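Next come the chains, spelled out residue by residue.
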Amino acid sequence: MPMTKNSRDRLLEGRRALVTGASSGIGAAVAEDLARAGAAVAVNYHSDRKQAEEVVARIRGAGGQAVALEGDVSKEEAVIGLVEGTVEAFGGIDLLVANSGIQKDAALTEMSLQDWQAVISVNLTGQFLCCREAVRAFRKGPERDGKARGSIVCMSSVHEVIPWAGHVNYAAAKGGVRMMMQTLAQEVAAERIRVNAVAPGAIRTPINEDVWSTKEGREAMLRLIPYGRIGETEDVARVVTWLASDEADYVTGTTLFVDGGMTLHASFIGNG
Ligand code: NAD
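As the structure is a prediction and not an experimental result, all values here were calculated from the model.

Draft legend 1. Spatial organisation of the environment of Ala137. One can find Ala137 in helix 4 (residues 113-140). Look at Ala137 and you get buried, because its relative accessible area is 13%. Between the C-alpha atoms of Ala137 and Val239, which are 102 residues apart in sequence, the distance is 24 Å. If we skip the residues at most four places from it in the chain, Ala137 touches Val83 and Ile93.

Draft legend 2. Up close: the packing of helix 3 (residues 76-90) against helix 4. For the pair helix 3 and helix 4, interaxial distance at closest approach is 9 Å and the crossing angle is 40°. Here helix 4 runs oblique to helix 3, going by the angle between their axes. As helix 3 runs across helix 4, the sense of the crossing is right-handed. Contact residues: Glu76, Val79, Ile80 and Val83 in helix 3; Leu129, Cys130, Arg132, Glu133, Ala134 and Ala137 in helix 4. Considered class by class, the residues forming the contact of helix 3 with helix 4 number seven nonpolar, no polar and three charged.

Draft legend 3. Up close: the packing of helix 4 against helix 5 (residues 168-188). It is the contact of helix 4 with helix 5, at a shortest axis distance of 8 Å, that shows an interaxial angle of 15°. With respect to helix 5, the element helix 4 is oriented roughly parallel. As helix 4 packs across helix 5, the resulting crossing turns out to be right-handed. Along the contact surface, helix 4 presents Asp115, Trp116, Val119, Ile120, Asn123, Leu124, Gln127, Phe128, Cys131, Val135 and Arg139, while helix 5 presents Val168, Asn169, Tyr170, Ala172, Ala173, Lys174, Gly176, Val177, Met180, Leu184 and Val188. Classifying every residue of the contact of helix 4 with helix 5 by side-chain character gives 15 nonpolar, four polar and three charged.

Draft legend 4. The arrangement of unusual backbone geometry in detail. Positive phi outside glycine occurs at Arg192, with the angle close to 60°. Relative to the assigned elements, Arg192 resides in the loop between helix 5 and strand 6 (193-200). Arg192 sits in the partly exposed class, given a relative accessible area of 47%. One non-glycine residue with positive phi stands out, namely His265, at about 60°. Checked against the element boundaries, His265 lands in the segment after strand 7 (255-258).

Draft legend 5. Looking closely at empty space enclosed by the protein. For the structure on display, the rule yields one cavity of 30 Å³ or more. Each pocket or cavity is described by its volume, and for the largest cavity that value is around 30 Å³. Partitioning the lining of the largest cavity into residue classes produces three nonpolar, one polar and three charged.

Draft legend 6. Inspection of the site of the ligand at higher detail. Residues in close proximity to the ligand total 28 residues, the closest being Ser24, Ile26, Asn99, Tyr170 and Thr205. Ser24 places a polar side-chain atom, nitrogen or oxygen, 2.8 Å from an oxygen atom of the ligand. At 3.0 Å, a side-chain N or O of Asn208 approaches an oxygen atom of the ligand. Relative to its free-state accessible area of 820 Å², the ligand is covered by the protein chains to the extent of 92%. Counting atoms within 2 Å of the grid points, the majority share of the ligand lands in the largest pocket. For the shell around the ligand, the secondary-structure elements that each account for two or more residues are helix 1 (25-36) and helix 5.

Draft legend 7. Geometry of helix 5. In this model helix 5 runs 30 Å from its N-terminal to its C-terminal C-alpha over 21 residues, within 8% of the 30 Å that 1.5 Å per residue would give. Each element contacted by the buried residues of helix 5 is listed here: helix 4, strand 5 (150-155), strand 6 and strand 7.

About the thresholds
Residues numbered from 1 in each chain as written. Predicted model: local features only at pLDDT ≥ 70, side-chain atom pairs only at ≥ 80, totals over all residues. Heavy atoms only, no water. Helix = DSSP H or I, 4+ residues; strand = E, 2+ residues; numbered from the N terminus. Buried < 20%, exposed > 50% of the residue type's maximum accessible area, 1.4 Å probe, protein only. Contact = heavy atoms within 4.5 Å. Axes fitted to C-alpha atoms, helices over the stretch in contact; angles between N-to-C directions. Parallel < 35°, antiparallel > 145°, perpendicular 65-115°, else oblique. Left-handed = near helix turned anticlockwise from the far one by under 90°. Nonpolar A, V, L, I, M, F, W, Y, C, P; charged D, E, K, R; others polar. 1 Å grid on protein atoms, 1.4 Å probe; cavity = no way out; pocket = protein on both sides within 12 Å on 5 of 7 lines; lining within 4 Å. Points joined across faces, edges and corners; volume = space filled by probe spheres on them. Near = heavy atom within 4 Å. Polar contact = N/O pair within 3.5 Å; in protein donor to acceptor, adjacent residues only side chain to side chain. Areas by Shrake-Rupley, 256 points an atom, 1.4 Å probe, with all protein chains shown as cover. Sits in = over half its atoms within 2 Å of the grid points. Expected span 1.5 Å × (residues − 1).

Okay, structure coming up:
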């Protein structure tokens, strides 16, 4: 999508962002939307360099600023390197979108310790490491005339509140993200650092392609969504941009659900 001039264009002018897991899905859309709003964006990728470079090329092609940075968010040294890389590229960092996430689904008794740990490591520990390094770097940045000096958006999920049988590692990680986000928000608010989360419902991305790519999967998904459509990555990206911006300066410690009403208990429609 070309970067047209409208009122959203300048929302993040001069801000410098790191988006993890930004070579695909929601992360890629977030990176592009932040750039469209004027932010310089570090596009983190784990394995797919080519796709990350395509995101960077699209941002630059539309007149924005971006770099691709390789790094595994579950590894401490790699996360330190990602924040340092962002600071090196843009002279500082003001925004973090901790978006990377994986699923390794199995019933409890079939779930290996390895798959439990893999999901917790990326989806929860990865966000902890990214938040810690971002806050350390925000503290080195200038104060901003009463406005937030740094803003973090954690990518959560409706499964921070909806239990999900067969996905205990994923649901436990997202529930953990909720309490981590609120605790960090409380801890750093006085430094004018905001920490929030966005909780998507069913969004059409590679992570759930096995479900939405079949007719039965799509129909089953739609039964859970009162709004009657599957979400697109841009639905989430636009909300992240707003939440990261000064427009949301008085918002901290909040999860914003972007779920077409999935958390409204669709099974009760028609009196249950
Ligand atoms: P996706 O698979 O396209 O994106 C996940 C990204 O995380 C990928 O780019 C992947 O390379 C990256 N990643 C995986 N392991 C990593 C690691 N060790 N280090 C760094 N990056 C790593 O799927 P998505 O749907 O765009 O998921 C993005 C986020 O949104 C995830 O946190 C996911 O839990 C969350 N989410 C998605 C949905 C949905 O319906 N798609 C719903 C709720 C929450």
